[in-house]
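The residues making up each chain are set out below.
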Amino acid sequence: MIRSFGTLFALLSAIFFPWPFTACFALGMALYEPLVPLTVGLFSDTLYYTSHGAQMPFFTLAGAFVTAAAFFVRNRLKTGIIEG
Amino acid sequence: MKKTFLAKRNALLSSRSASWGALALTTALGVLFLRLLAPNLFWQAFAPVFRVSDALATESHSFSDRFGNAAALASLNEKLVERNASLANENAALVQKVANLSELLGASGVQSGSSGILAGVIARPPESPYDVLVVGAGENEGVALGMEAFGAADVPLGVVSSVLADVSRVTLFSAPGMTTNASVGRANVPLTLTGAGAGAMNASVARTAGVAVGDTVFVPGPGMLPIGSVVRIDSDPLSPGVTLRIKPAFNLFSTAWVELRATGAVSTVFATSTP
């Protein structure tokens, strides 16, 4: 439930809410869905990126970084002895 | 025999992480491809979304601005209160001005009528020579040499000493060397006012006339017109008379409108030649 609505809300927040709120929400959603930061970053750059406005798709890169970090943490937790 | 299924523990490909996140990522990639391959279709599809987003952002900003900065709001409120007080004072001044003009015009509101000619003051000291007013009415408006100029409350100010087509020059009673017949006090003691310059006038009367500080000085007109009041009495023991220092009824140099009338009652002598 949290994953489905959270993922949908994260995408919608990229449209309707300021980017700091969306970034924080995507960061929180990474605990449940590691791909959400990358997805939100990619979606935000798809909507707002212009070549003359920024030199690189910052949101996508940041989302990819957070997603990679989330996968790394999850992987360590799942293979550890303290898996919850 | 029951088989034991051991799922491979892979964080990237687990069924849990491949559900909603992968679906959303696929959707985002689809939108990205749509923008790259068919940009026109993309902008047409998302234009309503952006409009709704802009409207929502505007509303949210206006809503948050109400609570944004309490100090700024308090400062703004203070400025508005001050501005309100300033406007109230200005309004009171305008009401007073309207009342003065109405009184000056006899509530007729006409520029020129049987009662006189209303003229705005174009120049006053120090723009004009001292104790001289330049008013915006001349021969074209019916101004004639020797007409008397009145301020608010029918206070005589001076006499028209020069007339041009559209402007006139009013020499005030306080002009140096200008003499005017007048009377003072309840006994209407006759005296001759002499202009002392800068809006002040002097007069000499007998010591026994009983004139006191605060007595009103009148000049002849339609009735007795107050021109000023005695503010000081200089007495010389060697002289049988006293010198009265007379202050005009109001600041002659701050008046903005005058009314010019041909009264014929004031006998004035110009010490200086009129152009």
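In this report, we go over the structure that sits alongside the text. The shown structure was predicted, so the numbers you read here are calculated from the model rather than taken from an experiment.

The rules behind the values
Residues numbered from 1 in each chain as written. Chains lettered and ligands numbered in written order. Predicted model: local features only at pLDDT ≥ 70, side-chain atom pairs only at ≥ 80, totals over all residues. Heavy atoms only, no water. Helix = DSSP H or I, 4+ residues; strand = E, 2+ residues; numbered from the N terminus. Buried < 20%, exposed > 50% of the residue type's maximum accessible area, 1.4 Å probe, protein only. 1 Å grid on protein atoms, 1.4 Å probe; cavity = no way out; pocket = protein on both sides within 12 Å on 5 of 7 lines; lining within 4 Å. Points joined across faces, edges and corners; volume = space filled by probe spheres on them. Contact = heavy atoms within 4.5 Å. Pairing = 2+ DSSP bridges. Axes fitted to C-alpha atoms, helices over the stretch in contact; angles between N-to-C directions. Buried area = accessible area lost by both parts, 1.4 Å probe. Nonpolar A, V, L, I, M, F, W, Y, C, P; charged D, E, K, R; others polar.

**Details of the overall build of chain A**
Okay, step 1: Each helix and strand counted, chain A has four helices and zero strands in total.
Okay, step 2: For chain A, the N- to C-terminal ordering of α and β elements is α-α-α-α.
Okay, step 3: Each of the 84 residues in chain A was classed as buried or not, and the buried ones make up 40%.

**Structural notes on empty space enclosed by the protein**
Okay, step 1: Counted under the stated rule, the structure contains two cavities of 30 Å³ or more.
Okay, step 2: Volume-wise, the second largest cavity comes out at about 40 Å³.

**A look at the side chain of Thr22 of chain A**
Okay, step 1: Relative to the elements of secondary structure, Thr22 of chain A occurs in helix H2 (residues 19-29).
Okay, step 2: Sequence-distant contacts of Thr22 of chain A, defined by excluding residues within four places in its chain, comprise Ala10, Ser13, Ala14, Phe17 and Val40 of chain A.

**With respect to the sheet that holds strand S4 (residues 156-163) of chain B**
Residue and element names in this part refer to chain B.
Okay, step 1: Sheet architecture is closed into a barrel: six strands sit in the order S1-S2-S5-S4-S3-S12, paired in antiparallel fashion. Across this sheet, the average inter-strand angle for adjacent strands is 45 degrees, counted without regard to direction.
Okay, step 2: Where S4 meets strand S5 (residues 168-172), five bridges bridge the pair, whose relative direction is antiparallel. Looking across to S5, one finds that Val163 is bridged to Ser168.

**What to know about the side chain of Ser174 of chain B**
Residues and elements named next belong to chain B.
Okay, step 1: Relative to the helices and strands, Ser174 resides in the loop between S5 and strand S6 (179-184).
Okay, step 2: On the accessibility criterion, Ser174 (0% relative accessible area) is buried.
Okay, step 3: If sequence neighbours within four positions are ignored, Ser174 has contacts with Asp131, Gly195, Ala196, Gly197, Gly199, Ala200, Met201 and Leu252.

**Focus on the interface of chain B and chain A**
Okay, step 1: Tallying the contact residues gives 24 residues for chain B and 21 residues for chain A.
Okay, step 2: Across the interface of chain B and chain A, roughly 2200 Å² is buried in total on both sides, 68% from carbon and sulfur atoms.
Okay, step 3: Those elements that place two or more of their residues in the side of chain B that touches chain A are helix H1 (20-37) and helix H2 (39-68) of chain B.
Okay, step 4: With ten residues, the single largest contributor to the side of chain B that touches chain A is H1 of chain B.
Okay, step 5: For the side of chain B that touches chain A, the per-class residue count stands at 17 nonpolar, four polar and three charged.

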